[in-house]
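Coordinates in review
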Amino acid sequence: MKYWYVGAALLVLAAGAIVLLKRKKASEDPLEDGGVRHRVDTHAPKVIISKEIIEFSCKFSTTDRCIEDTPIAGGIFTLYANKEKGHFEICGRDAIAGKQSFCPDETFFRQLQEIVTRHHLAQYNGQFYTVSGLPPDLGMQLQICYASKESISAANNQSAFLPIEAMEDLVALFKNAIYKSGGI
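The structure presented is a predicted model; accordingly, all values stated were derived computationally and were not measured.

As enumerated under the stated definition, the model contains four salt bridges in all. Salt-bridge contacts for Arg110 lead to Glu114; the nearest nitrogen and oxygen are separated by 3.7 Å. Here Glu114 and Arg110 lie together in helix H2 (residues 106-118), a separation of four residues that amounts to about one turn. With a relative accessible area of 47%, Arg110 lands in the partly exposed category. A salt bridge links Asp169 to Arg118; its shortest N-O distance comes to 3.3 Å. Separated by 51 residues along the polypeptide, Asp169 in helix H3 (residues 164-180) and Arg118 in helix H2 bring together distant segments of the chain. Using a relative accessible area of 47% as the deciding quantity, one classes Arg118 as partly exposed.

Here it is in structure tokens:
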């Protein structure tokens with residue numbers, strides 16, 4: 001008689017597992033064009049204690065913005081730096097031919113952290129927004145890794161979420177690093 005309870009409990013657990021698997025599969029299904037998926041990591045910190053950036057990656061497009069009085073108007077920018085190497089690439093208006101590389105130093109990373117702090121980039125940590133069916137070069141992706149294992153990660157494939165001033169400061173820093181290394 002007591003085995004009946006065990007059998008019923010196993011049946012309930014199996015039914016619950018099936019429901020959870022179906023729910024997980026439904027959340028991973030591709031969206032139809034125009035479908036929106038907005039995910040927010042509520043555990044992502046909005047304040048980063050560490051100041052030692054070990055890797056920075058940012059790609060953004062300003063081709064969808066009506067801005068003219070800025071050096072970042074109408075471009076697609078790729079910015080990357082770690083402790084050994086860095087590169088900068090722009091497509092669009094005033095395009096640089098190919099990827100420009102440089103060797104970042106401690107001053108570069110200190111200035112990069114100043115930009116992160118000044119423009120409060122940690123406030124975007126954990127925000128991910130996807131609209132299905134958009135061209136691949138729209139929007140923005142941001143990933144910053146710190147020596148303390150803290151990180152800032154955010155993405156939006158519809159529009160660049162950083163203020164224009166922050167994007168201008170990042171591009172100026174990377175262009176300056178390329179210039180110092182003999183490029184541009």
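Now that the structure has been shown, we can carry on.
Let's shift gears to the side chain of Ser153. By secondary structure assignment, the location of Ser153 is in strand E8 (residues 151-156). Residue classification places Ser153 among the buried residues on the basis of a relative accessible area of 18%. Of note is the side chain of Ser153, whose polar atom sits 2.9 Å from the side chain of Gln143. Those residues in contact with Ser153, other than ones at most four positions away along the chain, are Tyr124, Asn125, Gly126, Gln127, Phe128, Leu142 and Gln143.

We now examine the sheet that holds strand E1 (residues 36-40). Read across the sheet, eight strands follow the order E1-E6-E8-E7-E2-E3-E4-E5 without closing on themselves; strand pairing throughout is mixed. Taken across any chain shown, the strands that pair with only one partner, and hence form the sheet edges, are E1 and strand E5 (100-102). The mean inter-strand angle of the sheet, taken between neighbouring strand axes irrespective of direction, is 10 degrees. Together, strand E2 (53-61), strand E3 (75-82), E5, strand E7 (140-146) and E8 form the strand contacts of H2, whose direction differs from that of E2 by roughly 55 degrees.

Right, let's get into H3. End to end, H3 covers 24 Å across 17 residues, agreeing with the expected 24 Å (1.5 Å per residue, within 8%). Residues of H3 that are buried include every one of Ile164, Ala166, Met167, Leu170, Val171, Leu173, Phe174, Ala177 and Ile178, and no others. Structurally, H3 contributes buried residues whose contacts are with E2, E3, strand E4 (86-92), E5, H2 and E7. Two residues or fewer past H3, Gly182 is found with a positive phi of approximately 100 degrees.

Alternating positions in E7 separate cleanly, Met140, Leu142, Ile144 and Tyr146 being buried on one face and Gln141, Gln143 and Cys145 remaining unburied on the opposite face. One ladder, built from seven bridges, connects E2 with E7; its direction is antiparallel. By the bridge assignment for E7, Phe56 is matched with Ile144. In terms of strand pairing, E7 meets E8 through six bridges, oriented antiparallel. Residue Leu142 lies in a different strand from E8, and its bridge partner there is Ala154. Where E7 hands over to E8, the hairpin turn is made up of four residues, of which Lys149 adopts a positive phi near 80 degrees.

This part is about unusual backbone geometry. With phi around 50 degrees, His120 is a residue other than glycine that occupies positive phi space. Within the secondary structure, His120 is located in the loop between H2 and strand E6 (127-131). Judged by its relative accessible area of 54%, His120 falls in the exposed class.

A few words now on the packing of aromatic side chains. The description of two aromatic rings rests on the distance between their centres and on the angle between their planes. Considering all chains together, one arrives at eight aromatic pairs under this definition. Measuring from centroid to centroid gives 5.7 Å for Phe102 and Phe174, while their planes differ by 85 degrees, and the two rings are edge-to-face. With Phe102 in strand E5 and Phe174 in helix H3, this residue pair connects regions lying 72 residues apart in the sequence. An identical accessibility class is assigned to Phe102 and Phe174; each is buried. Aromatic side chains Phe108 and Phe174 sit 5.1 Å apart centroid to centroid with 85 degrees between the ring planes, which places their arrangement in the edge-to-face category. Here the residue Phe108 occupies a position in helix H2, and Phe174 occupies one in helix H3, the gap between them amounting to 66 residues.

Analysis parameters
Residues numbered from 1 in each chain as written. Predicted model: local features only at pLDDT ≥ 70, side-chain atom pairs only at ≥ 80, totals over all residues. Heavy atoms only, no water. Salt bridge = Lys/Arg side-chain N within 4 Å of Asp/Glu carboxyl O. Helix = DSSP H or I, 4+ residues; strand = E, 2+ residues; numbered from the N terminus. Buried < 20%, exposed > 50% of the residue type's maximum accessible area, 1.4 Å probe, protein only. Polar contact = N/O pair within 3.5 Å; in protein donor to acceptor, adjacent residues only side chain to side chain. Contact = heavy atoms within 4.5 Å. Pairing = 2+ DSSP bridges. Axes fitted to C-alpha atoms, helices over the stretch in contact; angles between N-to-C directions. Expected span 1.5 Å × (residues − 1). Phe/Tyr/Trp six-rings, centres within 6.5 Å; stacked < 30°, edge-to-face > 60°.

Shape descriptors only; they carry no functional weight alone.
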